[in-house]
Amino acid sequence: MLLNMNFSEVTSFYLSDYNGMEGLKPVYFCIFLIIYMTIVAENVVLIGLVYCEKTLHEPMYFLLCNLAVNGLYGSTALLPAVLSNLLSHSYEISLLFCQTQIYAVHTYAIIEFTILAAMSYDRYVAVCYPLLYHSIMSQRVVKIVAFTWLYPMLAFVIVLIFTIRLRFCGRTIDKVYCMNYSLVKLACTDTSIVNIVGLLSVVLYTLPQIIMICFSYAHILRICVLSFSKSKLKALRTCTPHLLAITNYSIGCFFEIAQSRFNISHLPYQSKLFLSLYFLIFPPILNPVIYGLSIQIIRTRLFRLFRRKSGQVTNNVAKRAVGKVHSKCVLHGAGRTDASRNT
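Nothing here was measured: the structure is a model prediction, and the numbers come from that model.

*Asks:* For this particular structure, what's the right way to read the state of the cysteines?
*Replies:* Should the sulfur atoms of two cysteines be covalently bonded, the bond is a disulfide. In this structure the tally under the stated criterion is 2 disulfides. A sulfur-sulfur distance of 1.3 Å marks the disulfide that ties Cys169 to Cys188. Placement of Cys169 in the loop between helix 5 (133–164) and strand 3 (172–173) and of Cys188 in the loop between helix 6 (180–184) and helix 7 (192–226) is noted, with a sequence separation of 19 residues between them. Each disulfide of the chain joins two cysteines, and with those cysteines numbered along the sequence the arrangement is 1-3, 2-4.

Shown next, in the form of structure tokens:
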């Protein structure tokens, strides 16, 4: 009876990694605030650019927009909570909010990898079937996007249900945010079934995407070796930012797996923090830069947009300056007229 009462008392958890920021909380707050504002600005500009420019209304850029939306989703699942905790004196998180953050962080990770797999299929069709690309992808892109969001969000619910049913004794999570594996380790009850489900879910959530990416680029490589043309070279160049995005995200996943499965207590605090936050921060902040600088049409439209905005600002400033000069001249003239009348 007493044991059951102890189970029910655990309704919040302590995020112990915030202790390492104690002496430099204002510095960390400013860094995370700048990072979050940069992520929001970059991704919103990219989404707005694709939405406004009709020349970018193509399947590849539609998928890119979804990658940007997911970047906003993942960073919002983490950074506002981090900023809030840095402003408070308590580093506790409620069980409900912890479970919500687990769902958001994990679904972000699966959606990111699924969108990258869908983009590899898009590049496969573009390189291997260039004449049929628009007809194939225009019919499938909406279904593909719906799948990239619905499949992870529904599939992870199964894993989360097993975690929700656990009863917890421990309260300390050695992170600045909640992860499913960290929460499962605090359970008092037997977690063997949960661990098996977790391992199976990792396979189910990653293996299809890995197969799709490998299949797509194997065929792209084969086509490029057998026949090489200017059109295929142009399509192949658009694969470069996608490969960079996959590499960047894979590095983040490797860091997360390494620091959760191996003992890294000997590493400095800043290194451990970097490893744990990489996959939630660097893909959202680097993907818009990678695509914005690598794809010429996006780079050209961005420069044109900024030139247009800077031109509008310059014109507005000039008009205001002319208006002020005109107002001064009118007032000066009126003053002279009044003076002559008094004379």
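*Asks:* Can you walk me through the layout of surface pockets in this structure?
*Replies:* Regions of empty space are outlined by a rolling probe, equal in size to a water molecule, passed over the atoms. Within this model, the largest pocket holds a volume of roughly 930 Å³. Forming the walls of the largest pocket are 31 residues, and the residues nearest its centre are His106, Met179, Val202, Ile257 and Arg261. For the lining of the largest pocket, the secondary-structure elements that each account for two or more residues are helix 4 (95–128), helix 5, helix 6, helix 7 and helix 9 (239–261). Element by element, the count of residues in the lining of the largest pocket is highest for helix 7, at 9 residues. Residues of the lining of the largest pocket, tallied by class, amount to 19 nonpolar, 9 polar and 3 charged.

*Asks:* How should I be thinking about empty space enclosed by the protein in this particular structure?
*Replies:* Taken as a whole and judged by the stated rule, the model has 1 cavity of 30 Å³ or more. Approximately 30 Å³ is the volume found for the largest cavity. Every residue along the wall of the largest cavity is listed here: Met60, Met119, Asp122, Arg123, Thr238, His242 and Tyr291. In terms of residue class, the lining of the largest cavity is built from 3 nonpolar, 2 polar and 2 charged.

*Asks:* Would you explain the pattern of salt bridges in this entry?
*Replies:* Pairs can form between side chains of opposite charge whenever their charged atoms are close. All chains considered together, the criterion is met by 3 salt bridges. Residue Arg171 is joined to Glu92 by a salt bridge in which the shortest nitrogen-to-oxygen separation is 3.1 Å. Taken as a pair, Arg171 in the loop between helix 5 and strand 3 and Glu92 in strand 2 (residues 92–94) lie far apart in primary sequence, 79 residues in all. What makes Glu92 partly exposed here is its relative accessible area of 40%. Of the charged contacts, one joins Arg123 and Asp122 as a salt bridge, the two residues approaching to 2.7 Å between their closest N and O atoms. The exposure class of Arg123 is buried, given its relative accessible area of 6%.

*Asks:* Where do I start with the pairing of strand 1 (residues 12–15) in this structure?
*Replies:* If a strand is regular, its side chains alternate between the two faces of the sheet. Bridge analysis of strand 1 against strand 2 gives 3 bridges, and the strand direction is antiparallel. Bridging from a neighbouring strand, Phe13 pairs with Ile93 of strand 2. Examined bridge by bridge, strand 1 and strand 3 share 2 bridges and lie parallel to one another. Each residue of the ladder has a partner; that of Leu15, found in strand 3, is Ile173.

*Asks:* Explain the sheet that holds strand 2 to me, please; I cannot follow it from the model alone.
*Replies:* Picture the strands of a sheet paired through backbone hydrogen bonds; they go either parallel or antiparallel. Spatial ordering of the open sheet is given by 2-1-3, a layout of 3 strands whose pairing is mixed. Of all strands in the sheet, those with a lone pairing partner are strand 2 and strand 3, marking the two edges. Against the sheet, helix 4 contacts strand 1, strand 2 and strand 3, and its axis sits at roughly 85 degrees relative to strand 2.

*Asks:* Help me out: how do you make sense of the nonpolar core in this one?
*Replies:* For soluble globular proteins, the rule of thumb is that nonpolar side chains tend to be buried together. Counting residues in each nonpolar core, the largest one holds 95 residues, and the members touching the most others are Phe13, Met21, Phe32, Tyr177 and Ile298. Considering every element that reaches this core, the biggest residue donor is helix 4, with 20 residues. Here Phe32 is in contact with Met21, Leu79, Val82, Leu83, Leu86, Leu273, Leu277 and Ile281, once residues within four sequence places are set aside.

Thresholds, definitions, all that
Residues numbered from 1 in each chain as written. Predicted model: local features only at pLDDT ≥ 70, side-chain atom pairs only at ≥ 80, totals over all residues. Heavy atoms only, no water. Disulfide = S-S within 2.5 Å. Helix = DSSP H or I, 4+ residues; strand = E, 2+ residues; numbered from the N terminus. 1 Å grid on protein atoms, 1.4 Å probe; cavity = no way out; pocket = protein on both sides within 12 Å on 5 of 7 lines; lining within 4 Å. Points joined across faces, edges and corners; volume = space filled by probe spheres on them. Nonpolar A, V, L, I, M, F, W, Y, C, P; charged D, E, K, R; others polar. Salt bridge = Lys/Arg side-chain N within 4 Å of Asp/Glu carboxyl O. Buried < 20%, exposed > 50% of the residue type's maximum accessible area, 1.4 Å probe, protein only. Pairing = 2+ DSSP bridges. Contact = heavy atoms within 4.5 Å. Axes fitted to C-alpha atoms, helices over the stretch in contact; angles between N-to-C directions. Core = buried A, V, L, I, M, F, W, Y, C linked by side-chain atoms within 4.5 Å.

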